[in-house]
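Chain by chain, the residues run as shown.
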Amino acid sequence: MSATISDTIYQNLSQQIITGELEAGEKLRQDHIARQFDTSHVPVREALLRLEAHGLARHEPRRGMRVTALDPAEVREVIEMRVALETLALQQSVQNMSPIALDKIDRARIACDEAQTMPQWEALNRAFHRAILTPCGLPRLLHAIDDLHIASARHLFAHWRSKWVQQVDKDHAALVQALRRRDLSTAKGILTRHIRRAS
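Thresholds applied
- Residues numbered from 1 in each chain as written.
- Predicted model: local features only at pLDDT ≥ 70, side-chain atom pairs only at ≥ 80, totals over all residues.
- Heavy atoms only, no water.
- Helix = DSSP H or I, 4+ residues; strand = E, 2+ residues; numbered from the N terminus.
- Buried < 20%, exposed > 50% of the residue type's maximum accessible area, 1.4 Å probe, protein only.
- Areas by Shrake-Rupley, 256 points an atom, 1.4 Å probe, with all protein chains shown as cover.
- Lys, Arg positive; Asp, Glu negative; His and termini not counted.
- Charge placed at Lys NZ, Arg CZ, Asp CG, Glu CD.
- Core = buried A, V, L, I, M, F, W, Y, C linked by side-chain atoms within 4.5 Å.
- Expected span 1.5 Å × (residues − 1).
- Contact = heavy atoms within 4.5 Å.
- Polar contact = N/O pair within 3.5 Å; in protein donor to acceptor, adjacent residues only side chain to side chain.

A. Structural context of the overall build of the protein chain. The secondary structure content of the protein chain amounts to nine helices and two strands. In terms of principal-axis extent, the alpha carbons of the protein chain reach across some 55 × 35 × 30 Å. Per-residue burial over the protein chain gives 44% buried out of 199 residues. When the accessible area of the protein chain is evaluated, it comes to approximately 10,900 Å², of which 53% is carbon and sulfur surface. Seen as two clouds, the 28 positive and the 24 negative side-chain charges of the protein chain have centres 2 Å apart.

B. How the structure looks around the environment of Ser185. Inspection of the secondary structure puts Ser185 in helix H9 (residues 184-197). Judged by its relative accessible area of 61%, Ser185 falls in the exposed class. When the C-alpha positions of Ser185 and Arg161 are compared, they lie 32 Å apart, and in sequence the two are 24 residues distant.

C. The arrangement of the nonpolar core in detail. Grouped together as the largest cluster of nonpolar side chains are 27 residues, with contacts concentrated most on Leu90, Ile105, Phe128, Ile132, Leu133, Leu175 and Leu179. Listing elements by their share of this core, those giving two or more residues are helix H4 (72-96), helix H5 (99-113), helix H6 (118-133), helix H7 (139-160), helix H8 (170-180) and H9. Counting residues per element, this core draws most heavily on H4, at six residues. Counting residues in hydrophobic clusters, the runner-up holds 26 residues, among them Leu22, Ala34, Met65 and Val67.

D. Fine view of helix H1 (residues 5-18). Over its 14 residues, H1 runs 20 Å from end to end, which matches the ideal 20 Å to within 8%, given 1.5 Å per residue. Within the span of H1, buried status applies to Ser6, Asp7, Ile9, Tyr10, Leu13, Ser14, Gln16, Ile17 and Ile18. Summarising the contacts, the buried residues of H1 are in contact with helix H2 (30-36), helix H3 (41-53), strand E2 (64-67), H6 and H7. Once H1 ends, the next one or two residues include Gly20, with phi positive near 90°.

E. Looking closely at H4. Between its first and last C-alpha, H4 extends 36 Å over 25 residues, near the 36 Å set by a 1.5 Å rise per residue. Taken as a whole, H4 has its buried residues at Val75, Val78, Ile79, Arg82, Val83, Glu86, Thr87, Ala89, Leu90, Ser93 and Val94. Summarising the contacts, the buried residues of H4 are in contact with H6, H7, H8 and H9. Its side-chain oxygen 3.0 Å from the backbone nitrogen of Ala73, Asp71 forms the N-cap of H4.

Right under this line is the structure:
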């Protein structure tokens with residue numbers, strides 16, 4: 001399925017919000033965005049509604065659509081939801097894990113370790129998590145996890161950007177080893193600790 005102009009606008013704006021380029025409280029002006037992407041207001045409205053659905057923007061009466069602030073309580077909720085849903089997906093994933101899937105996971109792990117910048121690392125980290133969970137074959141569950149990763153990424157940028165350094169992720173490596181052994185109990189323990197540690 002090819003990306004629509006609405007998808008492009010959504011991806012662009014969500015990335016700017018996640019990385020902090022667009023700050024909390026900043027107004028998202030439909031006419032300005034429409035000019036920027038050389039389009040009508042309809043795809044802009046669709047993109048803004050998606051941002052709102054993902055908690056990245058909020059419509060305020062008489063103030064328009066604005067970037068939301070990071071809420072610590074919401075961050076904790078997102079982390080606990082990720083632990084619950086990702087370990088659930090992992091349980092199904094391990095049962096369906098093929099040698100091809102394991103090779104793809106290992107390539108995703110290496111790519112993540114080799115990331116040169118935090119934005120690059122964040123996208124590749126998301127790709128690694130997606131690779132370990134995709135074999136579960138549960139599209140609704142994966143979609144819900146993708147949404148949580150968007151909320152989680154914003155928190156990561158806010159708290160880790162100044163401290164980020166390129167390094168080998170020992171949790172990712174241990175997770176791959178546990179998956180190769182089909183050791184679900186160890187894999188779930190590593191994943192839970194890993195998600196909570198990033199917070």
